[in-house]
Each structure stands twice: as structure tokens, then as C-alpha cells.
Amino acid sequence: FELKSLDLDLNSIVIIDEASMLSCHADTDPLLKFGSGNLFEDLITVLDIDNTQRKIIFVGDVYQLPPINENKSVALDPDRLNSYISKSIETIVLSKVHRQNTDSNVLKSALLLSQQISSENFLQIPIEANQADIESVNLDQAIEKYMWSYQESSIFIAYTQQTVHKINQKFR
């Protein structure tokens, strides 16, 4: 696909949700390629942030998996963004969680895990299985429970894209 011209006011504010998924990796596969093959660079080029009054707001979670073949999402990394945008970059971190009960073991584990990631302490993953909302099972047991017991209310957490791929293959 070719990039289309942009019909957007020169002073627009563009909001990109789930920005952690924006890849800066050039995709050369003709079946997946559109524009130049680099989604992030195409977005920055089309919006022409530096030569207009347009602003862009990237919304995302730095603790989610980064795009494939990247260690960190460029959209959520101010240092890397500076190499694409010369305008001032502001970072705001939201810290209040609204999707979990305050006594949830999921929330407690997620907050501990995010603290460990921030401090680059990976010696122990602070997830406590309490059988109420977090259960310790092997992958085959997890797939079985997901398929028949919990359906869409279960979440799989994986550290690498390779593990995610393995989970997806077992799921299918």
C-alpha cells in the first residue's frame, strides 16, 4: 500500500493509543509492507510534526511487550523519540490503577513487577499464586483451563515473543 496524503489541520492533536505496539523496525515482507515498511517513521513523516503546529500524544504501557525485533517501543522512549522529533517532548506517567480491586493479587504482583523492571532487578518474579486470582499451572494446564473454564477472562503473561508464539501455537 502506498501512503495517502493527509487531510488533517496543521494544528491538530493526534492521539495514538497502544503506542507500545508501534514498530520502528522496517518490514520488507511484501505481504505485510505498506508505505515505506516502517510504520513509526511513516507516521512521523506523514504528520510532519516538526514543520507544523501538530502535536502527537502517544498513550501506552512501557511494561507491555515491545514490538517484534525491538527491546523497547520508540514511541514510549523520550530519548529515542528525540532522534525523530525535534520539538520538546513531555512524559507523563499515570500511576493509579482503575481496572483491578485494590486487594487484588494481580494488582499487587503487577505493581511489584513494574518496580523490578524499573530497577532492572530480574532475579525473582514477584508473582504469588494464591489460588483466588492467580494460579500456578504449567502451560498445557493453563491452555486447558483457559479453553474450558475461564474463556475470555484469562490472561497469559510471557516474557519473550518466543514464549508468546509457543502459547499461541498450543492454543491453536
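Residues numbered from 1 in each chain as written. Predicted model: local features only at pLDDT ≥ 70, side-chain atom pairs only at ≥ 80, totals over all residues. Heavy atoms only, no water.

S.K.: What exactly am I supposed to notice about the pattern of salt bridges here?
M.R.: Scanning the entire structure with this criterion turns up 1 salt bridge. As a salt-bridge pair, Glu-70 and Arg-80 come within 3.7 Å of each other at their nearest N and O atoms. Of this pair, Glu-70 sits in the loop between β2 (55-58) and α2 (78-81) while Arg-80 is found in helix α2, placing the two residues 10 residues apart along the sequence. Under the relative-accessibility criterion, Arg-80 is labelled partly exposed at 29%. (Salt bridge = Lys/Arg side-chain N within 4 Å of Asp/Glu carboxyl O. Helix = DSSP H or I, 4+ residues; strand = E, 2+ residues; numbered from the N terminus. Buried < 20%, exposed > 50% of the residue type's maximum accessible area, 1.4 Å probe, protein only.)

S.K.: Quick question: what am I supposed to make of helix α3 (residues 105-118) here?
M.R.: An α-helical turn contains 3.6 residues, so a residue and the one three or four places further along point in the same direction. Given a rise of 1.5 Å per residue, 14 residues ought to cover 20 Å, and the 20 Å separating the end C-alpha atoms of α3 matches this to within 8%. Phi turns positive, to about 55 degrees, at Glu-120, one or two residues after α3. (Expected span 1.5 Å × (residues − 1).)

S.K.: Is there a simple way to think about the environment of Asp-61 in this case?
M.R.: Within the secondary structure layout, Asp-61 lies in the loop between β2 and α2. Distance in space between the C-alpha atoms of Asp-61 and Thr-28 is 27 Å, their sequence separation being 33 residues. Ignoring sequence-local partners within four residues, the contact set of Asp-61 consists of Ser-20 and Leu-76. (Contact = heavy atoms within 4.5 Å.)

S.K.: Teacher, can you tell me more about unusual backbone geometry here?
M.R.: Trans is the prevailing form of peptide bonds, just as negative phi is the prevailing case for residues other than glycine. Phi at Glu-18 takes a positive value of approximately 55 degrees, unusual for a residue other than glycine. Its location among the elements puts Glu-18 in the loop between β1 (13-16) and α1 (39-47). Residues other than glycine seldom take positive phi values, yet Asp-48 does so here, at roughly 50 degrees. Along the polypeptide, Asp-48 turns up in the loop between α1 and β2. Residue Asp-48 is classed as partly exposed on the basis of its relative accessible area of 29%.

S.K.: Is there a simple way to explain the nonpolar core in this structure?
M.R.: For soluble globular proteins, nonpolar side chains are generally found buried alongside one another. Within the largest apolar cluster, 17 residues are counted, with the highest numbers of intra-cluster contacts made by Ile-16, Leu-22, Phe-40, Leu-43, Ile-56 and Phe-58. Taken together, the elements giving at least two residues each to this core come down to β1, α1 and β2. Ranked by the residues each element gives to this core, the list is headed by α1, at 4 residues. Excluding residues that lie within four positions of it along the chain, Leu-43 makes contacts with Ile-16, Leu-22, Ile-56 and Phe-58. (Core = buried A, V, L, I, M, F, W, Y, C linked by side-chain atoms within 4.5 Å.)

S.K.: Explain a nonpolar patch on the surface to me, please; I cannot follow it from the model alone.
M.R.: Taken together, Val-62, Tyr-63, Ile-117, Phe-122 and Tyr-159 make up a surface patch of nonpolar side chains, about 550 Å² in accessible area. As for its placement among the helices and strands, Phe-122 is situated in the loop between α3 and α4 (139-150). (Patch = residues over 30% accessible without salt bridge, like charges linked within 9 Å, V, L, I, M, F, W, Y side chains within 5 Å. Areas by Shrake-Rupley, 256 points an atom, 1.4 Å probe, with all protein chains shown as cover.)

S.K.: So what exactly am I meant to see when it comes to the pairing of β1 here?
M.R.: Each regular strand carries side chains that alternate between the two faces of the sheet. Here β1 shows a buried face lined by Val-14 and Ile-16 and an unburied face lined by Ile-13 and Ile-15. Of the pairings in the sheet, the one linking β1 to β2 comprises 4 bridges and is parallel in character. Looking at β2, one finds that Ile-15 is bridged to Ile-57. (Pairing = 2+ DSSP bridges.)

S.K.: How should I be thinking about the environment of Asp-103 in this particular structure?
M.R.: Here Asp-103 lies in the loop between α2 and α3. The exposure class assigned to Asp-103 is exposed, which follows from its relative accessible area of 58%. Residues Asp-103 and Arg-172, spaced 69 residues apart in sequence, show a C-alpha to C-alpha distance of 34 Å.

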